[in-house]
Amino acid sequence: MKDSAKPKYESEKFRYKLEIVAKKIYPMCPIYKKGDKMTIVEPAIIPEETDAICLSFLADLIPYYRGLSRGIDPKRMGLKTEGDLAYIGCHDPGGQYPDYPTDGGTVLFEIRRIPLTLEDIKKYREFDLKEMEKTWAERRKRYQEKHKK
Amino acid sequence: MDKKFLVEIEVVDVLGPCPHHKKGDKILVDEPSVITSKSGNICSRAFPMLSTFIMCFSEGIETGLQGVPLLVKCPATAEGPVIFKVSKKAREEEK
């Protein structure tokens, strides 16, 4: 199979950093201005690389962030794509759709996915993979013993 | 503990192709339970955002633009978006 013919996001084990950037503001938003960014390294928001966090938008993003972080093709989640970029809207129709007025505006976000290696992830959080694997093995064993058929 | 109000979510418009919802679909919630016998399709991509409003409306606290029902849309950009109207409903209305 040629490289170009391979599915782009084939490995569930592969992780991505998500940079979510306010691309278009219709016509105003009290939280985000154009270019503001929120960075996620699943399952955390990285405050040092984040300009603003809107909890309402977080609720919009929640169903998507894990799939996006683990390489699922955004098209399969109903998101528009353009090359490597994906797009998601906030839940407020007020700014973009005048027939549906609200007290707010609408923000369209661009989602950039940056592949992460294990070493990259270690820049964001401290962990000892060998110790974690030992713990996971113990838990797995306990579960399998308890639920043996 | 019974909540003060039931919450009704109605699809008032579908602005593009959407495989999940059609105009007129309704979801009725007796927070925290969805009354499945009186609800249509429930989209798992839209529901987390709708849940934040359900909590307020079930206690009688309506959010949004005064004089207009609360209107929200799903976050999808390749499908829809679907416009939902969220409103509180007196329990007696459902009996």
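Preceding this section is the structure that the text describes.
Residues numbered from 1 in each chain as written. Chains lettered and ligands numbered in written order. Predicted model: local features only at pLDDT ≥ 70, side-chain atom pairs only at ≥ 80, totals over all residues. Heavy atoms only, no water.

Next up on the list: the interface of chain B and chain A. Facing the 22 residues of chain B at the interface are 24 residues of chain A. When the buried surface of chain B facing chain A is broken down by residue, Arg45, Lys73 and Thr77 of chain B rank first, second and third, together holding 32% of it. Counting every contact that joins chain B to chain A gives 0 salt bridges. Scanning the region where chain B abuts chain A turns up 10 residue pairs in polar contact (both at pLDDT 80 or more). Sorting the residues of the side of chain B that touches chain A by element identifies strand S1 (5–14), helix H1 (47–57) and strand S4 (70–73) of chain B as the ones contributing at least two each. With 4 residues, the single largest contributor to the side of chain B that touches chain A is H1 of chain B. Its residues placed into classes, the side of chain B that touches chain A shows 14 nonpolar, 4 polar and 4 charged. (Contact = heavy atoms within 4.5 Å. Buried area = accessible area lost by both parts, 1.4 Å probe. Salt bridge = Lys/Arg side-chain N within 4 Å of Asp/Glu carboxyl O. Polar contact = N/O pair within 3.5 Å; in protein donor to acceptor, adjacent residues only side chain to side chain. Helix = DSSP H or I, 4+ residues; strand = E, 2+ residues; numbered from the N terminus. Nonpolar A, V, L, I, M, F, W, Y, C, P; charged D, E, K, R; others polar.)

This part is about helix H1 (residues 55–69) of chain A. At Leu61 of chain A, H1 of chain A shows its maximal bend, which comes to roughly 55°, and the proline Pro63 of chain A appears one to four places after that position. Lining the buried residues of H1 of chain A we find strand S1 (15–26), strand S2 (37–41), strand S3 (44–45), strand S5 (85–89) and strand S6 (106–116) of chain A together with H1 of chain B. Backbone geometry just after H1 of chain A places Gly71 of chain A at a positive phi near 90°. (Bend = angle between axes of the 7 residues up to and from the residue.)

Glancing now at helix H3 (residues 129–146) of chain A. The terminal C-alpha atoms of H3 of chain A lie 26 Å apart, and with 18 residues this matches the ideal 26 Å at 1.5 Å per residue to within 8%. For H3 of chain A, the side-chain oxygen to backbone nitrogen distance between the N-cap and Lys130 of chain A is 3.1 Å, and the N-cap itself is Asp128 of chain A. (Expected span 1.5 Å × (residues − 1).)

A word on the sheet that holds strand S2 (residues 26–30) of chain B. Sheets are built from strands paired through backbone hydrogen bonds, the pairs being either parallel or antiparallel. Residues and elements named next belong to chain B. If you trace the 5 strands from one edge of the open sheet to the other, you get S3-S2-S1-S5-S4, paired in antiparallel fashion. Two strands close off the open sheet at either side, each with one partner strand: strand S3 (33–34) and S4. As paired strands, S1 and strand S5 (residues 82–90) are joined by 9 bridges and run antiparallel to one another. The residue of S5 that forms the bridge with Asp13 is Ile83. (Pairing = 2+ DSSP bridges.)

All quantities given are derived from atomic positions and should not be read as evidence of function.
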